[in-house]
Amino acid sequence: MELYPAGRETMPVDITVLRGKNLKGSKAESLLNVRVEFNAAVLGDSPKLEQSAEQGVEFNFTCRFDCSEGLNTLDDLAHKPVILTLVEILPKEKKQKEEKTIILGQAVVDLLPLLQGQHTFTTTVTLHPAPGSPTETGTAEGSKPILEVAVSVPDTLLSDAQLADSNLFRVSVETAYSVPEVWSMTGPQFSYMACLQVPVSLEKEQLLFFPNGALKPGGEREPVPRPKKWTSGSILAPGAQYIPASFIEGGPAEGEDGELSGPEYREFRAEAESTKKRVSWDTERRFFMEPASQACLVKRVSDCRYWPVEFMRTPLATTTKGKAAKGDEDVPISFHGVAYVDMAPLLYPGVKRIRGAYNILPFSEIDLYTKTKRQGSILKEYLRLSSQMGRGTVSSAIGSSHFRGAPGKITKDEKGPKDNAKKLSIQPSVQKPQESDSVVEFETVAPPNPEGQMYAEANSYIVIEVALDKPLVRKRRPEELTKRVAELIPPRPAIPRRTAGAERAVKDFHGQVASVAGLVLEQYQELFGGALAQGELPLDPSAQEERKAKLLGELNYSGKYFAFKEQLKHSVVRIVREKFLKTTTFPSQEELQAFLSQLYIFLVDQMHISLNKTLSVDVPETETQPFTDCAQLKHFAREAEVNEDYELAAMYYQERLARDRSNPDHWFDYGAFCLLISDHAKAEDCFHHAVAIDQRHLPSLLLCGVLAEMQGCFADAETFFESGTRVEPSNVLAWTMLGLYNEAQGNEIWAEMAFLEAAKWMKAEAGEGSLTQAVGEPCLSEGKSAQLQEGATVSEKRVPVTEERDVEVEGEGVVSEAEQTAAVSEPAVLKPRESAPCHTNTIYMEAAKFLLQANALQFAQRALAQDLLSPAGGTSCSYYLALARLHLQRRDFESADQNLQEALHVNQENPDVWALIGHLHYMRRDFHKARECYKRNLDFVTDASEMHPVYLRLGTIYLQEDQFEKAKLTFLRACKNSPSCLSWLGLGTACYRLGELTEAEDALAEANILNNRNPEVWGYLSLVCLQTGRQLEAEQSYKYAVKLKLKNEALLQEIHTLQQRVGFGNPAF
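Just so you know, these numbers come straight off a predicted model, no measurement behind them.

Cut-offs used in this document
Residues numbered from 1 in each chain as written. Predicted model: local features only at pLDDT ≥ 70, side-chain atom pairs only at ≥ 80, totals over all residues. Heavy atoms only, no water. Helix = DSSP H or I, 4+ residues; strand = E, 2+ residues; numbered from the N terminus. Buried < 20%, exposed > 50% of the residue type's maximum accessible area, 1.4 Å probe, protein only. Contact = heavy atoms within 4.5 Å. Areas by Shrake-Rupley, 256 points an atom, 1.4 Å probe, with all protein chains shown as cover. Salt bridge = Lys/Arg side-chain N within 4 Å of Asp/Glu carboxyl O. 1 Å grid on protein atoms, 1.4 Å probe; cavity = no way out; pocket = protein on both sides within 12 Å on 5 of 7 lines; lining within 4 Å. Points joined across faces, edges and corners; volume = space filled by probe spheres on them. Nonpolar A, V, L, I, M, F, W, Y, C, P; charged D, E, K, R; others polar. Core = buried A, V, L, I, M, F, W, Y, C linked by side-chain atoms within 4.5 Å. Phe/Tyr/Trp six-rings, centres within 6.5 Å; stacked < 30°, edge-to-face > 60°. Lys NZ or Arg CZ within 6 Å of the ring centre and 35° of its normal. Lys, Arg positive; Asp, Glu negative; His and termini not counted. Polar contact = N/O pair within 3.5 Å; in protein donor to acceptor, adjacent residues only side chain to side chain. Pairing = 2+ DSSP bridges. Axes fitted to C-alpha atoms, helices over the stretch in contact; angles between N-to-C directions. Left-handed = near helix turned anticlockwise from the far one by under 90°. Expected span 1.5 Å × (residues − 1). pLDDT = per-residue confidence, 0-100.

K.L.:
Mind showing me how you'd approach the overall build of the protein here?
P.N.:
From N to C terminus, the protein includes 38 helices and 22 strands. Taking all 1069 residues of the protein together, 48% fall into the buried category. In the protein, 71% of the contacts between residues at least 6 apart in sequence involve partners at least 24 apart. Summing over all exposed atoms, the protein offers an accessible surface of approximately 53,500 Å²; the carbon and sulfur share of this is 51%.

Right, dumping it as structure tokens:
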């Protein structure tokens, strides 16, 4: 991009030293001047002025430099300060030819505001004393020497658009802890260096160099906050080395991004950071990034998430003698180490900073290539160039914009516009790898690195921070997501509950009756209120009749009686139309009279109801509640799903919606049912209804995302999943679903971010453990992911067992050994295997359970694939159980059987496993094996998660085997725990077969209350009535059974046989 507006190739930057205060030299008669430097060049010296500590010194000196793309670049402005040096000129002594000068101190001016959109600013900087300066002794806080400086440019360096698109990349190398013990504080002194490369473009990289690391003894922790230093090496005053308003804040290790952030490292780090030697840099390097550099940075991190940071130790005083080192020779590096910084979190949406502790490892070119796909050491290249050109030359170039290189390429030497300094490029000793999958073969075996190995032996690590002013990947704001969801699914206000039709007509009639009753009472009060108050009102029947006649006469005389009739007429007409559906004339007088009689009776009854509500003060108003609530209806619907009676299940779900259409949970449950029957269009409509009612309904948002992805609407799917994380930021399921979606889209870095966030909140809920226990390694290898998502099971990953265990099959009486072997599909005696470790629930298993309940099988399979590869998951009992449920829903009985056998090998005492094995045999019509599994399930101390299907199916098997007493007991348990029409029907059937007709009729009556459209209930009621000799009830029950299309031929034949024997019960006779 063009760096400067209005077509400028350069931009002058004016530095004006306005004045100084509290400036004091060693002698009162000496003069002062200020030297201004930038980027290793002297910009100018101010006039020599007399000092005045009280009035200050007015310098008003201006100098400038040109900012351009070749020299004094924007990156130089970002990481290099303007250095102000205060010089004292002593008066000449006798026989002295030249003036003697003393450097009193230095101050620095940060030019970062120019890169933040300002074109002029004024700052006050503290003058720090130089070593050996007369002002080095401490001064009071209010009398510190200061300089006032103004910085200006003719126009802003960056336009608003350029400012919005640019970024500032900051790398802070803080401290290396637990360094090798052989490093001594005495004897020869050494300097410690660190460096890494940042991409400028696809062809060039910028070297960020951190020299002058200082070895410190242990004994106390590094203070926080502490200021960060400039990377510039030309600052003499120690106090001026610090960047204004830039500090190392520190923080708990658990919140870091590095390799040593877990609680298991807490004790080691506490000891290392307080008692062991360390090397301290506390240096920050800022790097200005144009849009192209940002795009290149994103690509490099996407291609390789680990970036090497190299370290070395070098003597403070070195000399290069003659031909001791040649340019083509490899220069050995002392204590060559490397840390691999994981930069992938910078690609997480909204992330601007990563900070952590990273292990320092011995440098190895093979390891370097394996981890980063790079070849060659930049430190080694630096030393080779320094041996060619002299350390001073290279040291001055290091860390500046002139030291750029691209791995595997040599750039031509160029001369600068002023100093003709050579621009150096790095050419690694090993060529850049070709873009192929072949294994790189190194020409020579890498030499041993015994000094670097000391880093590993000492468990050395370094704390590094990488920060940006703006995130590389923008995070959508919650209001943006809310607006986008509202665009996809417009919210609708809650529908107020209004009575209509017949119910509304009856309520209006009640209101009119109450109103008329109030008016009549007022008239009665006017006529007899005085006598009633004085107690003179007789209560005998004749007096009451007299008062009644007088009241009616008064109402007729005043015309109020006619007015009351007119007031009631409209509500009566509505009842006739809405309640009795009469809107046409009657064909005969007899039908009219019959209807009027029926209407009269109804109106009188409703009048009494209204008067009782109006005149009663003790009886509260109650509404007739239905026999079943919405929770029971959901239970009945789930029961119908298990029995694969989808028409009945749909009826229950629709009845729930009819009762309350403004409840998003009702729509969600109906949508999940539609997914079960593969009606995706209706399922999507249901989930959209739920979100329209409540835009924060998390389960519906997630299922909207699932269906959007299934339809290929990936942008909409991402919006729904991301909205879920904004609706409930601490919800484990929401973050896991977002991670599963990104994993499927190939965005592994975003998926990793979501999985880590989910693991963090799961850890917060559990209150213990580490992130790896909940999430493990989030990224799938392509082969395993593809294999698992094709439905492959991983039976070869069984965990061996240590204790032997025999499986006993309980039965009634003596069961032969062959029957025991055949009773269950697994062998009677399992082979000895190691018991699996106790796995806690992982984030993937939580998501898999939710998705299986919602019948989103494709996403459930992805979650199980991730759980299998997670260290905390793997081949656990819960994994095999969930995978078996998945196969059962797909009716893949063979795969389900294999997974259930694996679950048994892991845990033989899991009641859910035995229940699911029983269901598998029941669906295969192998009722004998199903019965044995269900019986074993009931013998466990803990119940399975869903016992209702176990009771129903076991009771049904007992009925088929004519074990009616056991069937009765089993159905009784079902009716006690979770009553339903089928549980009462089973109990009634068992009681009828046992000859307990009264109990059978009671149970069938309960079943009929819960569902009066079950034909088998009416059929057995007909049998009971036939047995007890009730002809009318037997015929009515039989007619309902036939009307509802009873399909049980055996039951129909039994009814017909009994009807013929007793001689009644069939109206067709």
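Moving on, there is more to tell.
K.L.:
Quick question: what am I supposed to make of the pattern of salt bridges here?
P.N.:
Two side chains of opposite charge can pair, provided their charged atoms sit close to one another. In the structure shown here, the tally under the stated rule is 56 salt bridges. A salt bridge links Arg269 to Glu273; the nearest nitrogen and oxygen atoms lie 3.1 Å apart. Of this pair, Arg269 and Glu273 both sit in helix 4 (residues 266-275), 4 residues apart, roughly one helical turn. Overall, the relative accessible area of 6% leaves Arg269 in the buried class. With a relative accessible area of 10%, Glu273 lands in the buried category.

K.L.:
So what exactly am I meant to see when it comes to empty space enclosed by the protein here?
P.N.:
Empty pockets left among the atoms are what a rolling probe the size of a water molecule brings to light. Taken as a whole and judged by the stated rule, the model has 3 cavities of 30 Å³ or more. Forming the walls of the second largest cavity are Ala176, Val179, Trp183, Tyr192, Met193, Val279, Trp281, Phe311, Met312, Ile360 and Tyr455. Broken down by secondary-structure element, the contributors of at least two residues to the lining of the second largest cavity are strand 12 (190-199), strand 16 (278-289) and strand 17 (306-315). Counted by class, the lining of the second largest cavity contains 11 nonpolar, no polar and no charged residues.

K.L.:
So what exactly am I meant to see when it comes to the nonpolar core here?
P.N.:
Soluble globular proteins tend to bury their nonpolar side chains together. With 180 residues, the main nonpolar core has Phe169 and Trp281 as its most contacted residues. Broken down by element, the residue count for this core peaks at 9 residues, all from helix 28 (residues 877-889). With near-sequence residues (within four places) excluded, Phe169 lies in contact with Val198, Leu208, Arg285, Arg286, Phe287, Met289, Leu297, Met343, Leu346, Val466, Ala467 and Leu468. Counting 39 residues, the second largest nonpolar core, distinct from the first, contains Phe38, Phe65, Val109 and Leu114.

K.L.:
Is there a simple way to explain the packing of aromatic side chains in this structure?
P.N.:
Aromatic ring pairs: the centre-centre distance and the angle between the two ring planes describe each pair. Summed over all chains, the structure comprises 24 aromatic pairs. Clustering of aromatic rings is evident, with ring pairs tying together Trp183, Tyr192, Phe335 and Tyr455. The residue whose ring lies beneath Arg313 is Phe190, and the NZ or CZ to ring-centre distance is 3.7 Å. Across the ring face of Tyr306, the terminal group of Lys371 is positioned such that the distance to the ring centre comes to 5.4 Å.

K.L.:
Explain the environment of Lys1045 to me, please; I cannot follow it from the model alone.
P.N.:
Mapping Lys1045 onto the fold places it in the loop between helix 37 (1031-1043) and helix 38 (1049-1062). Classification of Lys1045 as exposed rests on a relative accessible area of 64%. Note: C-alpha distance between Lys1045 and Pro1015 (30 residues apart in sequence) is 6.7 Å.

K.L.:
Quick question: what am I supposed to make of the side chain of Glu88 here?
P.N.:
By the secondary structure assignment, Glu88 is in strand 6 (residues 82-90). Buried Glu88, no salt bridge; nearest opposite-charge side chain is Lys27, N-O distance 7.6 Å. From its side chain, Glu88 meets the backbone nitrogen of Ser26 in a polar contact 2.8 Å long. Within the structure, the side chain of Glu88 is placed 2.6 Å from the side chain of Ser30, a separation counted as a polar contact. Those residues in contact with Glu88, other than ones at most four positions away along the chain, are Gly25, Ser26, Lys27, Ser30, Leu31, Leu32, Lys100, Thr101, Ile102 and Leu104.

K.L.:
Can you walk me through the pairing of strand 17 in this structure?
P.N.:
Side-chain positions along a regular strand alternate between the two faces of the sheet. Here strand 17 lies mainly inside the structure; 8 of its 10 residues are buried. Alignment of strand 12 against strand 17, held across 6 bridges, turns out to be antiparallel. Counted as the bridge partner of Cys195 is Glu310 from strand 17. Here 7 bridges tie strand 17 to strand 18 (residues 334-342), and the two strands are oriented antiparallel to one another. Of the residues in strand 18, the one forming a bridge with Val309 is Ala339.

K.L.:
Hey, could you run me through the sheet that holds strand 10 (residues 146-152) in this one?
P.N.:
Either a parallel or an antiparallel arrangement is found when strands of a sheet pair, and the pairing is made through backbone hydrogen bonds. A sheet is described by the order of its strands in space; here 4 strands give the open sequence 5-1-10-8, paired in antiparallel fashion. With partners counted over all chains shown, the strands left at the sheet margins are strand 5 (57-68) and strand 8 (120-126), one partner each. Within this sheet the neighbouring strands show an average axis-to-axis angle of 20°, counted without direction. Relative to strand 10, strand 1 (residues 10-21) is paired through 7 bridges, and the arrangement is antiparallel. Bridge pairing in strand 10 places Asp14 opposite Ser152.

K.L.:
Mind showing me how you'd approach the packing of helix 18 (residues 680-693) against helix 19 (residues 698-710) here?
P.N.:
Describing two packed helices takes the angle between their axes plus the distance from one axis to the other. For the pair helix 18 and helix 19, the least separation of the axes is 9 Å and the interaxial angle reads 145°. Once helix 18 is placed against helix 19, the crossing between them reads as left-handed. Residues His680, Ala683, Glu684, Phe687, His688, Ala690 and Val691 of helix 18 touch helix 19, and the partners they reach there are Ser700, Leu701, Leu703, Cys704, Leu707 and Met710. Here the residues of the contact of helix 18 with helix 19 are counted per class, giving 9 nonpolar, 3 polar and 1 charged.

K.L.:
Mind showing me how you'd approach helix 34 (residues 981-993) here?
P.N.:
Count 3.6 residues to each turn of an α-helix, and residues three or four apart come out pointing the same way. The terminal C-alpha atoms of helix 34, which comprises 13 residues, lie 18 Å apart, in line with the 18 Å expected from a rise of 1.5 Å per residue. Within helix 34, 11 of the 13 residues are buried, which leaves the element mostly enclosed by the surrounding structure. All of the buried residues along helix 34 are Cys981, Ser983, Trp984, Leu985, Gly986, Leu987, Gly988, Thr989, Ala990, Cys991 and Tyr992. On its buried face, helix 34 is in contact with helix 32 (948-960), helix 33 (964-977), helix 35 (997-1010), helix 36 (1015-1028) and helix 38. Directly after helix 34, the chain includes Gly995, whose backbone phi takes a positive value near 85°.

K.L.:
What exactly am I supposed to notice about the environment of Val173 here?
P.N.:
Following the sequence through the fold, Val173 ends up in strand 11 (residues 167-177). Val173 gets classed as buried once you look at its relative accessible area, which sits at 1%. With 22 residues separating them along the chain, Val173 and Cys195 place their C-alpha atoms 9.3 Å apart. For Val173, the residues in contact, after removing those within four places along its chain, are Phe210, Trp281, Asp282, Thr283, Ile462 and Val463.

K.L.:
When you look at the confidence of the model for the protein in this model, what are you seeing that I'm missing?
P.N.:
Atomic detail in the predicted coordinates should be set aside for any region of low pLDDT. Scored by pLDDT, the protein has a mean of 82; 82% of the residues are at 70 or more. A low-confidence stretch, residues 318-328 stays under pLDDT 50, and its non-local contacts, those more than four residues away or across chains, total 7 contacts. Low pLDDT (under 50) marks residues 391-440, which in the prediction has 99 contacts with non-local residues, meaning those over four places away or in another chain.

K.L.:
Whenever I open this one, helix 21 (residues 732-744) confuses me. Can you help?
P.N.:
With 13 residues, helix 21 extends 19 Å between its outermost C-alpha atoms, agreeing within 8% with the 18 Å of an ideal straight helix rising 1.5 Å per residue. Against helix 19, helix 20 (714-727), helix 22 (748-766), helix 26 (843-853) and helix 27 (857-869) lie the buried residues of helix 21. Measuring from the side-chain oxygen of the N-cap residue of helix 21 to the backbone nitrogen of Leu733 gives 2.9 Å; that N-cap residue is Asn731. Where helix 21 terminates, the next one or two residues include Gly746, which has phi positive at roughly 85°.

K.L.:
Would you mind showing me how to read unusual backbone geometry here?
P.N.:
What is expected of a backbone is that most residues other than glycine have negative phi and most peptide bonds are trans. Here Val224 and Pro225 are connected by a cis peptide whose omega angle stands at -5°. Locating Pro225 in the fold gives a position in the loop between strand 13 (205-216) and strand 14 (226-229). Here Asp282, not a glycine, exhibits a phi torsion of approximately 50°, which is positive. Inspection of the secondary structure assignment puts Asp282 in strand 16. On the basis of relative accessibility, which here comes to 6%, the residue Asp282 falls in the buried class. A positive phi angle, close to 50°, is found at Phe335, a residue other than glycine. If you trace the backbone, Phe335 turns up in strand 18.

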